[in-house]
Amino acid sequence: MIYFIGDKEFDGVKTIRLNEIKFLDFEANLKEFDCLIISSKNALKALMLSKSKIDFDIKLYAVGQKSADFAKELGFKSVKYPSKTYGKNLASEFLSEFQNKKCLYLRAKKISSGLDEYLLKENIFLKQLIVYENIVIEPKKDELKIHHPSVFIFSAPSSIEQFLKFFTLEKEDKVVVIGQSTALKLCNFKNLYICKEQDLNSCLKLAKSLVF
């Protein structure tokens, strides 16, 4: 059996939904900044739902390609993303472009990438706005009965934290994670597999290859 901890549905996979996104009220004038940094699609969704003055000509930096593609779909004209889908990679790869610039970072309430710490340490002008948060929800009764051994897919560090509040992993289980930041939450788990490409389809393909 394959379980995905998240909110998307896939054929042949059981989805366990343990969180929901809450978009927060905020207002920002993008014309006051030179660069816009976003942590995920949710940051962009929060921006579009807000009363902010949006400047589609601003230089936008996304953590990953999927977020970058979404930004382009919304109408942003100058969009970049790092070679690897990690916050610190974004910060280090584009550090020279952030120098002497006013940067606005739209982020989740809880983050683990260290992107903000890295940029602040490098004396980058960085204003942070918390624009959304992950709210923990209890699993449905039918989701509480999980089978072991199984393959579990996690796409974020928070999904592992939430999963472990309600469930346990057995030593025979196998875990697929989307990247290094997520893997750190289960660094002592023996059967841990890190996806080479940071996207859900790659995670799903890897998980199917591991089915018992």
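Position numbers for residues start from 1 in each chain and track the written sequence from start to end. Local features in this predicted model are restricted to residues whose pLDDT is 70 or higher, and side-chain atom pairs enter the listing and the counts only when it is 80 or higher, whereas totals over whole chains, interfaces and linings include all residues. Neither water nor hydrogens contribute to the side-chain values; these are computed over all heavy atoms in the structure.

An unreviewed UniProt entry lists the protein under the name Uroporphyrinogen-III synthase, with Campylobacter subantarcticus LMG 24374 given as the organism. UniProt positions are given in the numbering used here, feature names are shortened, and annotations may be inferred rather than shown by experiment. For the protein, the Function (unreviewed entry) comment in UniProt is given as "Catalyzes cyclization of the linear tetrapyrrole, hydroxymethylbilane, to the macrocyclic uroporphyrinogen III." Quoted verbatim from the Sequence similarities (unreviewed entry) field of UniProt, the annotation for the protein is "Belongs to the uroporphyrinogen-III synthase family."

Undergrad: How do you make sense of helix 2 (residues 65–74) when you look at a structure like this?
TA: Given 3.6 residues per helical turn, the α-helix brings residues three or four places apart onto the same face. Every buried residue of helix 2 is accounted for by Ser67, Ala68, Phe70 and Ala71. Burial along helix 2 is one-sided: seen end-on, the buried residues are contained in an arc of 160 degrees. Residue contacts are counted whenever heavy atoms from the two residues lie within 4.5 Å of one another. Secondary structure elements are defined from DSSP: runs of H or I of at least 4 residues count as helices, runs of E of at least 2 residues count as strands, and each element is numbered from the N terminus. Along its buried surface, helix 2 packs onto strand 4 (35–38), helix 1 (41–49), strand 5 (59–62) and strand 6 (78–80). When a residue's accessible area, from a 1.4 Å probe over protein chains only, is under 20% of the maximum for its type it is buried; when over 50% it is exposed; and in between it is partly exposed. By definition, the arc is the one covered by directions from the helix axis to the C-beta atoms.

Undergrad: So what exactly am I meant to see when it comes to the packing of aromatic side chains here?
TA: Two aromatic rings are characterised by how far apart their centres lie and by the angle between their planes. Aromatic rings from Phe, Tyr and Trp, taking only the six-membered ring of Trp, are treated as a pair when their centres fall within 6.5 Å; an angle between ring planes under 30 degrees marks them as stacked, one over 60 as edge-to-face, and anything in between as tilted. One pass over the full model with this rule turns up 8 aromatic pairs. Aromatic side chains Phe56 and Phe76 sit 4.9 Å apart centroid to centroid with 55 degrees between the ring planes, which places their arrangement in the tilted category. Of the two residues, Phe56 sits in the loop between helix 1 and strand 5 while Phe76 sits in the loop between helix 2 and strand 6, which places them 20 residues apart along the sequence. The exposure class of Phe56 is partly exposed, given its relative accessible area of 28%.

Undergrad: Explain unusual backbone geometry to me, please; I cannot follow it from the model alone.
TA: Trans is the common state for peptide bonds, and a negative phi is the common state for residues other than glycine. Pro149 follows His148 through a cis peptide bond whose omega is -5 degrees. With respect to the helices and strands, Pro149 occurs in the loop between strand 8 (125–136) and strand 9 (151–154). Not every positive phi belongs to a glycine, and Asn100 is a case in point at roughly 60 degrees. The topology assignment puts Asn100 in the loop between helix 4 (95–98) and strand 7 (102–108). Positioned with a positive phi, Asn123 is a non-glycine residue whose angle comes to about 65 degrees. Mapped onto the elements, Asn123 comes out in the loop between helix 5 (115–121) and strand 8.

Undergrad: For this particular structure, what's the right way to read the packing of helix 1 against helix 2?
TA: When two helices pack together, their arrangement is captured by the angle between the axes and the distance separating the axes. Only the contacting stretch of a helix is used when fitting its axis, a line to C-alpha atoms as for every element, and angles between N-to-C directions run 0 to 180 degrees. Two elements in contact, helix 1 and helix 2, have axes whose closest approach is 9 Å; the angle formed by their N-to-C orientations is 25 degrees. It follows from the interaxial angle that helix 1 and helix 2 lie roughly parallel. Residue-level contacts link Lys41, Leu44, Lys45 and Met48 of helix 1 to Lys66, Ser67, Phe70, Ala71 and Leu74 of helix 2. In this count, Pro and Cys sit with the nonpolar residues alongside Ala, Val, Leu, Ile, Met, Phe, Trp and Tyr, while Asp, Glu, Lys and Arg are called charged and the others, Gly among them, polar. Partitioned by chemical class, the residues of the contact of helix 1 with helix 2 number 5 nonpolar, 1 polar and 3 charged. Roughly parallel means an angle under 35 degrees; roughly antiparallel, over 145; roughly perpendicular, 65 to 115; everything else is oblique.

Undergrad: Could you clarify how one ought to interpret the environment of Val13 in this entry?
TA: Note on placement: Val13 falls in the loop between strand 1 (2–5) and strand 2 (14–16). In this view, Val13 contacts Ile2, Tyr3, Phe4 and Leu204; residues no more than four positions away in its chain are not counted.

Undergrad: Please explain the pairing of strand 9 as it appears in this structure.
TA: The side chains of a regular strand alternate between the sheet's two faces. Residue alternation in strand 9 divides its side chains into two sets, Val151 and Ile153 and Phe152 and Phe154, and both sets are buried. Any two strands between which DSSP finds at least two bridges are classified as paired. Of the strand pairs in this sheet, strand 1 and strand 9 are connected by 4 bridges, and their pairing is parallel. Paired with Tyr3 across the strands is Phe152, a residue of strand 9. Relative to strand 10 (residues 174–177), strand 9 runs parallel, the two being bridged by 4 bridges. Its bridge partner lying in strand 10, Phe154 is registered against Val177. By convention, orient the strands away from the viewer: a clockwise path from the first strand over the helix to the second makes the crossover right-handed. Note on the crossover from strand 9 through helix 6 (residues 157–166) to strand 10: the handedness is right-handed.

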